[in-house]
4 protein chains.
Amino acid sequence: MSSLREECGVFGIFGHNNAANLTYLGLYALQHRGQESAGIAISDGTDLSVLKDLGMVNQIFDAETLYSMKGDRSIGHVRYSTTGSNTVANAQPLVVSYSKGKLALSHNGNLVNADELRRRLESSGSTFQTTTDSEVIANLIARLGRNSIREALVECVKSLKGAYSIVILTENELIGLRDPHGIRPLCLGSLDGSYVLASETCALDTIGATFIRDVRPGEIVSISKKGLESVLTPPGKRASCIFEFIYFARPDSRIDGKNVHMVRSEFGRQLSKEHGVKADIVIPIPDSGISAAIGYYLESGIEYGEGFMKNRYVGRTFIQPRQKDRDFGISLKLNPLREVIEGKSVVCIDDSIVRGTTMKKIVSKLKKAGAREVHVRITSPPYKYACFYGIDTPNSKKLIARI
Amino acid sequence: MSSLREECGVFGIFGHNNAANLTYLGLYALQHRGQESAGIAISDGTDLSVLKDLGMVNQIFDAETLYSMKGDRSIGHVRYSTTGSNTVANAQPLVVSYSKGKLALSHNGNLVNADELRRRLESSGSTFQTTTDSEVIANLIARLGRNSIREALVECVKSLKGAYSIVILTENELIGLRDPHGIRPLCLGSLDGSYVLASETCALDTIGATFIRDVRPGEIVSISKKGLESVLTPPGKRASCIFEFIYFARPDSRIDGKNVHMVRSEFGRQLSKEHGVKADIVIPIPDSGISAAIGYYLESGIEYGEGFMKNRYVGRTFIQPRQKDRDFGISLKLNPLREVIEGKSVVCIDDSIVRGTTMKKIVSKLKKAGAREVHVRITSPPYKYACFYGIDTPNSKKLIARI
Amino acid sequence: MSSLREECGVFGIFGHNNAANLTYLGLYALQHRGQESAGIAISDGTDLSVLKDLGMVNQIFDAETLYSMKGDRSIGHVRYSTTGSNTVANAQPLVVSYSKGKLALSHNGNLVNADELRRRLESSGSTFQTTTDSEVIANLIARLGRNSIREALVECVKSLKGAYSIVILTENELIGLRDPHGIRPLCLGSLDGSYVLASETCALDTIGATFIRDVRPGEIVSISKKGLESVLTPPGKRASCIFEFIYFARPDSRIDGKNVHMVRSEFGRQLSKEHGVKADIVIPIPDSGISAAIGYYLESGIEYGEGFMKNRYVGRTFIQPRQKDRDFGISLKLNPLREVIEGKSVVCIDDSIVRGTTMKKIVSKLKKAGAREVHVRITSPPYKYACFYGIDTPNSKKLIARI
Amino acid sequence: MSSLREECGVFGIFGHNNAANLTYLGLYALQHRGQESAGIAISDGTDLSVLKDLGMVNQIFDAETLYSMKGDRSIGHVRYSTTGSNTVANAQPLVVSYSKGKLALSHNGNLVNADELRRRLESSGSTFQTTTDSEVIANLIARLGRNSIREALVECVKSLKGAYSIVILTENELIGLRDPHGIRPLCLGSLDGSYVLASETCALDTIGATFIRDVRPGEIVSISKKGLESVLTPPGKRASCIFEFIYFARPDSRIDGKNVHMVRSEFGRQLSKEHGVKADIVIPIPDSGISAAIGYYLESGIEYGEGFMKNRYVGRTFIQPRQKDRDFGISLKLNPLREVIEGKSVVCIDDSIVRGTTMKKIVSKLKKAGAREVHVRITSPPYKYACFYGIDTPNSKKLIARI
């Protein structure tokens with residue numbers, strides 16, 4: 001139910017004769033990480049091309065376009081715009097040509113020092129056509145101009161500050177790079193002898209790939225015809241984004257060794273231990289509260305139920321008609337099930353609370369549907385500060401945990 | 001998880017100065033009943049116009065088009081094509097002009113004798129531009145040519161055989177009609193002094209309307225400036241479509257006095273009584289198995305869990321890429337949660353089973369994810385015969401319950 | 001330069017294995033007769049389907065759609081909307097099913113008694129989904145219900161009043177019909193043993209067909225596997241639309257035995273004889289004044305020149321930006337060639353003059369470009385009365401010839 | 001009738017509160033110079049934005065988008081792709097941010113040393129996202145990094161080799177630049193106290209602007225709030241593109257002091273002097289042969305006529321259906337007027353002849369239409385060598401003048 005929004009999902013595969021189709025399916029499995037634009041870059045070892053557009057994966061690609069994308073190595077991207085407005089120019093993968101050939105780049109995360117790097121590059125003659133971090137990184141690589149892109153990346157890591165899980169494709173190489181803190185997830189798998197990189201393991205599962213391991217914080221994995229090579233840059237302070245576990249990632253994904261659903265369920269159990277209550281029923285705010293609500297029910301022994309029905313057709317283009325005297329608001333998304341709630345003391349579990357305005361309406365809806373008592377439990381720790389690593393957050397003064 | 005597909009949702013409102021917006025929201029709440037086309041017809045008492053197209057409600061209508069639709073009475077329709085292919089010509093509401101003026105018609109259901117009626121009308125000079133039942137009904141009304149459309153409908157009901165929940169809009173009147181068996185749902189509500197008709201009560205809830213009652217089998221309700229009038233044609237044998245309760249309707253809707261979620265939950269309880277089993281966990285096939293799985297858990301006391309993650313981005317335009325050696329099939333929709341299932345004896349609840357091919361794959365997935373035992377429980381009674389009232393069913397010889 | 005607008009072009013072919021492609025090219029040659037919508041109906045002898053949309057021929061059809069249109073008989077239509085607004089529903093060919101099967105109909109012209117026929121049909125139970133004359137004609141045919149469509153048409157002609165050149169396609173037959181006055185053109189040709197019908201001979205030339213003859217006023221030609229049969233209904237008073245020769249038709253077409261360019265050129269010669277003047281140069285208003293200007297020059301011996309350049313990219317979607325203090329008006333379409341005009345006495349030839357507002361601006365432009373004298377000559381006779389046969393004319397009180 | 005294709009048109013205006021609308025109209029007047037993509041960049045002095053897409057001016061911009069483009073300075077571009085394939089990425093104006101702010105650039109012409117410049121820039125760290133010359137020029141400007149863009153351009157001119165008429169917009173300045181040879185046209189005008197730059201004077205006429213003068217070869221004109229400043233870089237050898245006069249430019253434009261129509265007419269007169277013939281009629285191949293045919297008629301005294309009708313609806317999306325046994329070829333574009341040609345000795349005037357295949361078909365068509373003799377006269381000098389300055393030419397071995 002959170003109003004937080006994640007920014008991106010990345011995917012890459014090297015050495016599979018079905019590369020475009022598998023990237024399509026991989027992106028489709030990562031669609032929850034971004035619905036604003038999507039793209040696939042592909043290479044057959046000689047040329048490198050890209051197709052990207054605004055919209056969701058299945059709106060941009062069809063059987064015909066996928067069939068036309070020839071090559072055994074490709075990367076993809078789904079995007080929710082954090083930096084840079086939502087325009088085709090800002091869609092990824094970004095493809096540039098530079099002194100060593102062509103380079104496609106997909107980025108998940110947010111650089112803290114993007115503006116500074118940009119100004120530095122501009123002052124020595126670089127130009128920029130988008131407002132994305134990806135273009136800053138690509139230009140940095142081009143400027144470092146080392147013998148190999150891997151060498152350039154080792155150097156690059158010294159300049160980049162912030163969260164970045166990146167996949168890069170050149171004509172000869174697929175590279176995966178995770179920032180020294182390991183803020184955003186990136187994992188490695190294999191399928192039919194080819195290597196696969198993905199933001200989440202659910203993408204590996206969807207295409208039938210086998211999980212190998214997470215890419216390590218600060219690690220650069222390079223996949224080419226010679227196989228996989230790894231370079232470890234000095235790791236930073238370990239600093240996962242907690243919202244991957246609380247809200248962004250799919251429950252069936254495993255991140256850094258932990259299944260997301262089980263983590264959320266454990267959060268629910270812990271909530272019950274720390275903030276137990278005598279009640280008749282535990283209900284989640286769908287969908288992100290479900291895992292935690294199950295944990296709460298398992299720990300507390302209070303009956304589990306579904307107290308809200310969610311309309312699954314709310315999409316990017318849904319408009320909420322203006323009406324003078326009525327705010328349809330939350331009613332369009334959630335409808336309470338009176339038969340489940342009426343006369344009961346309800347524990348309502350959600351993943352996080354930002355400004356609190358939505359939760360206020362939810363409690364009011366539960367009361368109207370006949371709830372005797374409503375106990376709200378939130379799995380996230382108090383959300384008190386704005387995030388600089390890529391999560392779209394409101395002004396920190398509006399955060400209810402600070403008021 | 002059923003491969004059955006429902007055909008339509010209908011909505012109507014009379015006497016509200018926000019008619020177009022409310023019909024848009026009503027259709028949006030009924031979107032689960034049909035995603036192939038949608039339309040809204042509106043009248044200001046003098047003229048009557050329609051906007052309809054292929055696609056979902058929020059793809060067809062935007063703030064600008066809704067703003068341009070002036071009038072205080074309108075009807076709408078969402079469609080999954082059963083009879084008639086999916087073309088714009090077949091989208092509804094159908095608007096025709098005839099001797100008494102203009103008439104817009106939205107239909108949910110299937111006539112059993114549509115071809116016979118069509119031939120009869122053609123033999124006396126009628127022409128048809130679509131392959132829908134709606135056009136047959138509209139022409140029948142025009143032919144009966146009574147003083148009022150209500151009189152024509154009373155006559156009409158004698159000819160129509162099959163399932164039909166219909167809303168009709170003329171310049172002066174909103175009419176709701178439900179077949180004498182009451183096969184498809186249709187309910188009546190009120191909002192700000194205006195009357196509302198809808199396939200399901202969830203549409204009333206979404207717009208904030210108050211539920212009055214279900215339209216009765218064989219009833220013709222007519223709403224005009226004079227208020228609501230009801231004509232009862234002779235009722236037939238009561239014959240609800242069981243799939244409304246099992247699968248089609250939204251769990252938060254009430255049909256003929258019963259909440260869908262509670263009915264499904266009760267099905268689950270009954271399943272536990274009739275086919276109990278010693279097991280470690282009860283899991284639903286999302287989403288249609290959830291309510292029954294909760295009932296099963298409540299009755300049996302076996303732990304409830306979510307064993308599958310569903311990809312919610314599968315839409316009409318999603319293509320499954322061809323690949324020689326691999327059938328992605330169910331993997332694209334459902335991913336098992338190994339951490340929930342491994343080493344356990346699992347009761348897996350689904351709403352229905354048609355040919356059994358999907359369930360076979362689901363059981364296999366659960367086994368691969370480490371389930372020790374898998375017990376399948378289906379809420380629907382054995383599905384043995386093809387349906388002639390509007391459900392898209394396979395050849396009855398392929399129904400697993402008959403093999 | 002006329003603001004008059006023609007309504008439609010029709011085309012048909014029977015017995016050619018390249019029917020869809022040839023109809024496409026035929027319509028493309030008739031595109032000047034209507035740019036608002038276009039469509040092709042095709043049959044392989046068993047089924048009959050249609051593809052039509054708003055836009056020009058090359059916007060609606062591409063290689064893929066044409067390839068998918070199988071059959072050896074088809075009809076087509078290009079439309080500028082006179083009656084009926086410009087909606088997809090009103091696009092033609094109209095396809096209806098009736099007691100004898102399916103029927104596709106393309107109509108050029110305007111019925112004078114369409115409303116009366118419509119009311120008569122409605123009063124006995126017909127319904128209408130469009131506002132076109134074509135639907136009235138199709139319903140009339142269905143009502144007459146004779147053994148053959150040809151018999152029904154013979155009867156039909158007794159009821160229809162006005163201008164109509166019609167092509168009809170059933171699964172087995174292509175029919176062409178021209179009203180008893182012969183107001184709109186319709187000609188017959190042959191290609192590779194198949195028969196072709198078209199509004200103008202330029203469509204025959206474009207596909208390489210041989211002209212056979214014009215369809216006669218009141219004639220019904222029916223083409224089937226048995227060959228061509230002709231029925232002559234009683235002819236009416238001969239009454240060609242003079243605007244076909246003056247403005248609508250392409251100069252390279254021959255209508256009722258006369259080449260349009262030569263007729264226009266003759267008009268120009270006659271103008272010179274009747275309204276000669278001593279001048280330095282004769283210039284046309286492009287494009288419709290060119291043929292007459294050449295005739296004027298040939299007769300008078302005054303030098304011919306091109307005094308205006310026309311912007312050929314003005315299309316349906318061109319918008320004229322609003323600006324407070326300036327009316328771009330005619331400047332966007334026509335730019336005078338100062339070098340040709342300066343210091344000269346100019347004879348300026350146009351095809352017709354309706355309200356005179358445009359001509360006023362043209363004369364002013366010529367003066368500004370340095371013309372010493374401007375003599376306007378119009379080939380059309382004084383345009384004094386509104387047209388009831390399908391030409392979009394302003395209120396007759398605004399016609400300059402009446403003031 | 002030439003198969004040569006021009007590449008681009010550019011437009012700019014500074015200091016007019018109607019800048020977006022006027023740029024739209026200016027581009028519309030230049031549409032003949034490129035129909036593949038179009039774009040407008042605009043600035044209000046603080047920010048600078050761009051809207052561009054594939055298609056023609058009136059397909060890309062509508063009243064709403066133009067209204068949303070706020071600012072009093074803007075540049076525009078219409079494009080036919082010579083270098084760089086026809087993709088949105090390659091559409092212009094190109095907008096980049098660099099050390100001095102933002103810069104929009106529209107280019108007409110072709111650099112001879114683009115690849116060399118590109119490699120040089122890449123070797124010092126530049127990246128490229130398109131395959132256009134414009135991106136090379138923009139990066140060169142960014143690299144030169146002088147205090148002002150004008151200073152950078154003075155330096156830039158030393159590196160650029162080839163044809164280039166460029167307009168550049170920054171937040172504060174509109175700049176026009178024409179290569180030292182003056183190969184492509186660029187003119188300067190004024191409207192309501194604002195300055196205007198355009199590829200051809202017809203754009204000035206269309207918006208009602210007053211022609212001031214042509215931009216000089218090698219001249220950089222810079223327009224800002226301080227007014228107009230001019231810098232003259234060393235001029236090169238004067239080398240106009242003859243095809244501007246023969247074929248590309250609109251007849252009503254004046255280029256470097258000469259009206260295009262009059263130049264073409266003079267070409268026709270000269271042809272008559274050099275290659276006179278006794279004949280009955282002079283006809284042009286429309287549209288590019290018209291001016292010359294008039295000159296030929298005036299000089300020779302042979303009667304002028306229109307012997308071909310041109311279909312004006314051939315556009316970018318027109319497809320020529322495949323047919324085994326027939327090449328519709330030229331028939332789709334041109335239809336001879338038998339009544340004008342039959343029995344006559346015809347002089348047929350065209351602007352240029354490239355491979356001669358089209359002319360062969362034209363002569364054959366004239367013969368079939370009854371011409372007694374056909375005399376072909378071409379205004380262009382023998383076309384013997386490929387062009388490196390931006391004209392799309394076939395392999396020089398296929399040029400008929402070399403055979």
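All of these numbers come straight from a predicted model, not from anything done at the bench.

Caption draft 1: Focus on the overall build of chain A. Secondary structure summary: chain A contains 12 helices and 21 strands in total. If you line up chain A on its principal axes, its C-alpha atoms span 70 × 45 × 45 Å. Long-range contacts, defined here as pairs at least 24 residues apart, represent 66% of the contacts in chain A between residues at least 6 apart. Counting only carbon and sulfur atoms, one obtains 49% of the accessible surface of chain A, whose full area is about 14900 Å². Side chains of chain A give 52 positive and 43 negative charges; the mean places of these two sets differ by 6 Å.

Caption draft 2: Spotlight on the sheet that holds strand S6 (residues 101-111) of chain B. Residues and elements named next belong to chain B. Spatially, the six strands line up as an open sheet ordered S5-S6-S7-S8-S12-S13, and their pairing is antiparallel. What marks the edges here is a single partner per strand, and that holds for strand S5 (94-98) and strand S13 (227-232). Recorded for the sheet is a direction-independent mean angle of 20° between the axes of neighbouring strands. Bridge count between S6 and strand S7 (residues 162-170): nine bridges; the pairing is antiparallel. When the bridges of S7 are listed, Ala-104 appears paired with Leu-169.

Caption draft 3: Just the interface of chain B and chain A, in detail. Across the contact, 61 residues belong to chain B and 61 residues belong to chain A. Carbon and sulfur atoms supply 59% of the area that chain B and chain A bury against each other, a total of about 5200 Å² over both sides. In this assembly, chain B and chain A are joined by two salt bridges. Here Asp-287 of chain B makes a salt bridge to Arg-312 of chain A, at a shortest N to O gap of 3.2 Å. Between the two partners, chain B and chain A, sit 15 residue pairs in polar contact (both at pLDDT 80 or more). For the side of chain B that touches chain A, the secondary-structure elements that each account for two or more residues are helix H1 (19-29), helix H2 (57-60), helix H3 (63-68), helix H7 (201-207), helix H9 (260-274), helix H10 (290-300), strand S17 (303-304) and helix H11 (338-341) of chain B. Examining the composition of the side of chain B that touches chain A, we find that six residues originate from one element, H1 of chain B, more than from any other. The residue makeup of the side of chain B that touches chain A, split by class, is 30 nonpolar, 18 polar and 13 charged.

Caption draft 4: Molecular detail of the packing of aromatic side chains. Residue and element names in this part refer to chain A. Summed over the entire model, instances satisfying the criterion amount to 24 aromatic pairs over all chains. Measuring from centroid to centroid gives 5.8 Å for Tyr-297 and Tyr-304, while their planes differ by 40°, and the two rings are tilted. Residue class for Tyr-297 comes out buried when judged on its relative accessible area of 7%. Looking at Tyr-304, the relative accessible area reads 0%, which means it is buried.

Caption draft 5: Representation of the side chain of Thr-170 of chain A in the model. Positionally, Thr-170 of chain A belongs in strand S7 (residues 162-170). When sequence neighbours within four positions are dropped, the list of residues in contact with Thr-170 of chain A reads Ser-43, Leu-48, Arg-73, Lys-102 and Ile-149 of chain A.

Caption draft 6: Broad picture of a nonpolar patch on the surface. Together, Val-112, Phe-388 and Tyr-389 of chain A line one region of the surface with nonpolar side chains, adding up to about 320 Å² of accessible area. Structurally, Val-112 of chain A is set in the loop between strand S6 (101-111) and helix H4 (114-123).

Caption draft 7: Focus on the relation of the copies chain C and chain B. It takes a turn of 180° to lay chain C on chain B, together with a shift of 0.0 Å along the axis; the resulting RMSD is 0.1 Å. Read as a symmetry element, the transformation amounts to a two-fold axis. No C-alpha of chain C lies nearer the rotation axis than that of Ser-126 of chain C, which sits 3.1 Å from it. A symmetric contact is evident, with 100% of the interface residues of chain C recurring at the interface of chain B.

Caption draft 8: Spatial organisation of the interface of chain C and chain B. Across the boundary between the two partners, chain C contributes 21 residues, which contact 21 residues of chain B. Of the roughly 1500 Å² buried where chain C meets chain B, counting both sides, 40% is carbon and sulfur surface. Looking at the side of chain C facing chain B, the largest losses of area belong to Ser-97, Thr-127 and Gln-129 of chain C, adding up to 37% of the total buried there. The interface formed by chain C and chain B contains zero salt bridges. Linking chain C with chain B are 12 residue pairs in polar contact (both at pLDDT 80 or more), by the criterion used here. By residue class, the composition of the side of chain C that touches chain B is seven nonpolar, 10 polar and four charged.

Caption draft 9: Structural detail: the relation of the copies chain B and chain A. When chain B is fitted to chain A, the residual RMSD is 0.1 Å, and the transformation amounts to a turn of 180° plus an axial shift of 0.0 Å. Mapped onto chain A, 100% of the interface residues of chain B again fall at the interface, so both copies present the same surface.

Caption draft 10: Structural detail: the pairing of strand S8 (residues 174-178) of chain A. Residues and elements named next belong to chain A. Along S8, five of the five residues are buried, which leaves the element largely enclosed by surrounding structure. Residues of S8 alternate between two faces, with Leu-174, Gly-176 and Arg-178 on one and Ile-175 and Leu-177 on the opposite face, all of them buried. Bridge analysis of S7 against S8 gives five bridges, and the strand direction is antiparallel. Residue Ile-168 lies in a different strand from S8, and its bridge partner there is Ile-175. Linkage of S7 to S8, two consecutive antiparallel strands, is achieved through a turn of three residues. Bridge analysis of S8 against strand S12 (residues 219-224) gives four bridges, and the strand direction is antiparallel. Bridge pairing in S12 places Ile-175 opposite Ser-222.

Caption draft 11: Structural detail: the packing of helix H5 (residues 133-144) of chain B against helix H6 (residues 149-159) of chain B. Residue and element names in this part refer to chain B. Running from N to C, H5 and H6 point in directions that differ by 120°, and their axes come no closer than 9 Å. With respect to each other, H5 and H6 are oriented oblique. At the point where H5 passes H6, the crossing takes the right-handed sense. On H6, the residues that touch Ile-137, Leu-140, Ile-141 and Leu-144 of H5 are Ile-149, Ala-152, Leu-153, Glu-155, Cys-156 and Ser-159.

Caption draft 12: Region of interest: the domain arrangement of chain A. You can read the domains of chain A as domain 1 (9-240) and domain 2 (262-402). Here domain 1 of chain A and domain 2 of chain A have C-alpha centroids that lie 34 Å from each other.

Caption draft 13: How the structure looks around the environment of Ile-141 of chain D. All names here are of chain D. Mapped onto the secondary structure, Ile-141 falls in helix H5 (residues 133-144). As for Ile-141 and Tyr-98, which are separated by 43 residues in sequence, their C-alpha atoms are 9.2 Å apart. In this view, Ile-141 contacts Tyr-98, Leu-103, Leu-105, Ile-149, Ala-152, Leu-153, Cys-156 and Ile-168; residues no more than four positions away in its chain are not counted.

Caption draft 14: Examining unusual backbone geometry more closely. All names here are of chain A. Pro-286 connects to Asp-287 through a cis peptide bond whose omega is -5°. Structurally, Asp-287 is set in the loop between strand S16 (281-284) and helix H10 (290-300). Look at Asp-192: it is not a glycine, yet its phi comes out positive at around 50°. Within the secondary structure layout, Asp-192 lies in the loop between strand S9 (187-191) and strand S10 (194-198).

Caption draft 15: How the structure looks around the pattern of salt bridges. If you walk through the whole model with that rule in mind, you get 86 salt bridges over all chains. Put simply, Arg-33 of chain A and Glu-200 of chain A hold a salt bridge, and the shortest N to O gap is 2.7 Å. Remark: Glu-200 of chain A occurs in the loop between S10 and helix H7 (201-207) and Arg-33 of chain A occurs in the loop between helix H1 (19-29) and strand S2 (37-43); sequence separation between them is 167 residues. The pair Arg-33 of chain A / Glu-200 of chain A is uniform in exposure class, with both members buried. Note that Arg-184 of chain D and Glu-244 of chain D form a salt bridge whose closest N and O atoms lie 2.9 Å from each other. With Arg-184 of chain D in the loop between strand S8 (174-178) and strand S9 (187-191) and Glu-244 of chain D in helix H8 (residues 242-248), this pair connects stretches of sequence that are 60 residues apart. For Arg-184 of chain D, a relative accessible area of 0% corresponds to the buried category. Each member of the salt-bridge network shares a partner with another, and the members are Asp-287, Lys-310 and Arg-312 of chain A together with Asp-287, Lys-310 and Arg-312 of chain B.

Caption draft 16: View of the confidence of the model for chain A. Across chain A, the average pLDDT comes to 91, with 92% of residues at 70 or higher. Under the prediction, the complex receives an ipTM of 0.92, its pTM being 0.91.

Caption draft 17: Representation of the packing of helix H9 (residues 260-274) of chain A against H10 of chain A within the structure. Residues and elements named next belong to chain A. The contact between H9 and H10 brings their axes to 6 Å, and the two run at 45°. Considered as vectors, H9 and H10 are oriented oblique to each other. Considering the relative orientation of H9 and H10, their crossing is right-handed. Across the interface between the two elements, His-261, Arg-264, Ser-265, Gly-268, Arg-269, Leu-271, Ser-272 and Lys-273 of H9 pack against Ser-291, Ala-292, Gly-295, Tyr-296, Leu-298, Glu-299 and Ser-300 of H10.

Caption draft 18: Just the arrangement of the chains, in detail. Structurally, chain A and chain C remain out of contact, their C-alpha atoms never closer than 13 Å. No interface is formed between chain B and chain D, the nearest pair of C-alpha atoms being 13 Å apart.

About the criteria used
Residues numbered from 1 in each chain as written. Chains lettered and ligands numbered in written order. Predicted model: local features only at pLDDT ≥ 70, side-chain atom pairs only at ≥ 80, totals over all residues. Heavy atoms only, no water. Helix = DSSP H or I, 4+ residues; strand = E, 2+ residues; numbered from the N terminus. Contact = heavy atoms within 4.5 Å. Areas by Shrake-Rupley, 256 points an atom, 1.4 Å probe, with all protein chains shown as cover. Lys, Arg positive; Asp, Glu negative; His and termini not counted. Charge placed at Lys NZ, Arg CZ, Asp CG, Glu CD. Pairing = 2+ DSSP bridges. Axes fitted to C-alpha atoms, helices over the stretch in contact; angles between N-to-C directions. Buried area = accessible area lost by both parts, 1.4 Å probe. Salt bridge = Lys/Arg side-chain N within 4 Å of Asp/Glu carboxyl O. Polar contact = N/O pair within 3.5 Å; in protein donor to acceptor, adjacent residues only side chain to side chain. Nonpolar A, V, L, I, M, F, W, Y, C, P; charged D, E, K, R; others polar. Phe/Tyr/Trp six-rings, centres within 6.5 Å; stacked < 30°, edge-to-face > 60°. Buried < 20%, exposed > 50% of the residue type's maximum accessible area, 1.4 Å probe, protein only. Patch = residues over 30% accessible without salt bridge, like charges linked within 9 Å, V, L, I, M, F, W, Y side chains within 5 Å. Least-squares fit on C-alpha atoms with pLDDT ≥ 70 in both. Parallel < 35°, antiparallel > 145°, perpendicular 65-115°, else oblique. Left-handed = near helix turned anticlockwise from the far one by under 90°. Domains from an automatic or database assignment. pLDDT = per-residue confidence, 0-100.

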